[in-house]
Amino acid sequence: MRGTSGASLAQAQDRFEPVLRAAGEGAFTLGEELLTVAAALDGSVPLRRALADPSRSGEDKAALAADLLREGFDGRVVDLVSGLARDRWAHDGDIADAVEHLGVDAVLASAEARGALERVEDELFRITRSLVGEREARRVLTETSTDPARRKAFVDALLAGKVDPVTQFLAERATVAPRGRRFVATLVWLGDVAARRRRRLVASVTSGTVLSQAQQDRLSALLERAYGRAVQLNVTVDPEVLGGMRIQVGADVVDSTVLSRLVDARRRLVS
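Given the structure is predicted, the values throughout are model-derived calculations rather than measurements. (Residues numbered from 1 in each chain as written. Predicted model: local features only at pLDDT ≥ 70, side-chain atom pairs only at ≥ 80, totals over all residues. Heavy atoms only, no water.)

Q: Can you help me understand the packing of helix 8 (residues 135–142) against helix 9 (residues 148–159) in this one?
A: The relative placement of two packed helices is expressed as an angle between their axes plus a distance between the axes. Running from amino to carboxyl end, helix 8 crosses helix 9 at an angle of 135°, the nearest separation of the two axes being 8 Å. One finds that helix 8 runs oblique with respect to helix 9. For the pair formed by helix 8 and helix 9, the contact residues are Ala137, Val140, Leu141 and Thr142 on the first element and Arg150, Arg151, Phe154 and Val155 on the second. Its residues assigned to classes, the contact of helix 8 with helix 9 comprises five nonpolar, one polar and two charged. (Axes fitted to C-alpha atoms, helices over the stretch in contact; angles between N-to-C directions. Helix = DSSP H or I, 4+ residues; strand = E, 2+ residues; numbered from the N terminus. Parallel < 35°, antiparallel > 145°, perpendicular 65-115°, else oblique. Contact = heavy atoms within 4.5 Å. Nonpolar A, V, L, I, M, F, W, Y, C, P; charged D, E, K, R; others polar.)

Q: Looking at this model, I keep getting lost on the nonpolar core. Mind explaining?
A: For soluble globular proteins, the rule of thumb is that nonpolar side chains tend to be buried together. Grouped together as the largest cluster of nonpolar side chains are 30 residues, with contacts concentrated most on Leu34 and Leu84. It is helix 6 (residues 92–113) that contributes the most residues to this core, seven residues altogether. Those residues in contact with Leu84 that lie beyond four places of it in its chain are Ala12, Arg15, Trp89, Ile95, Ala98, Val99 and Leu102. Core analysis: the next-biggest nonpolar cluster, separate from the first, contains 27 residues, Ala111, Ala116, Phe169 and Ala174 among them. (Core = buried A, V, L, I, M, F, W, Y, C linked by side-chain atoms within 4.5 Å. Buried < 20%, exposed > 50% of the residue type's maximum accessible area, 1.4 Å probe, protein only.)

Q: Looking at this structure, how should I read the packing of aromatic side chains?
A: The geometry of an aromatic ring pair comes down to the distance between the two centres and the angle between the two planes. If you walk through the whole model with that rule in mind, you get one aromatic pair. Centre to centre, the rings of Phe28 and Phe169 are 5.0 Å apart; their planes meet at 65°, and the pair counts as edge-to-face. Remark: Phe169 occurs in helix 10 (residues 165–176) and Phe28 occurs in helix 2 (residues 27–42); sequence separation between them is 141 residues. Taking NZ or CZ as reference, Arg181 lies 4.8 Å from the ring centre of Trp189, over its face. (Phe/Tyr/Trp six-rings, centres within 6.5 Å; stacked < 30°, edge-to-face > 60°. Lys NZ or Arg CZ within 6 Å of the ring centre and 35° of its normal.)

And the structure:
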């Protein structure tokens, strides 16, 4: 999100959070409906433009959204999307991004309501890690030429009965409706949304060798000092990473094999 778009999403999250808290496990249904709206916005350029058109009044756009969603959608979803349409967006695609984000947040809130959010976050990371080096599996899950039904069936075979229902739902959606992202990248993003819901910052670390617990503790301390908040490390070992590690915290990517500013951190890590 850029410009006013980021502010609009944050405001919508603040407005919607009490609704999610009150809905409890029922937030899952709200999330499903919001993700249906996101898919509709992705499939209709005219609709996205109409709801994000800066030349139209906010009330006019809100009324349009309400009219479109009144039949078949929960009133709380109608109110939220109408509010998003009332806001200003830097790009028409940003409103679809916001609806998707809020939909995912609602699905995760349903897991949180039954005490399963941490499990879901961990499972998303474990799926990501299990696909390292599995090029054929990643191809099946990512290639747009592959029938979406086959991609979904592949995920079902991989996860059915082994993970939380919310994890499976999100993983299925990541391959059936990737929205221009690769499967693994989508799982990483979903994990980040879950971490933010738990009020934690996630550092995805890819290392060529296994990090000891002491090394992980030192790296966590370094990152927590750098970012000023608690950091959760998700560590993946990839033998193709030679001589260093790759660290991603949100949009920040630091490659210790390339960027000199991490050389000192690496030295302290192994000392």
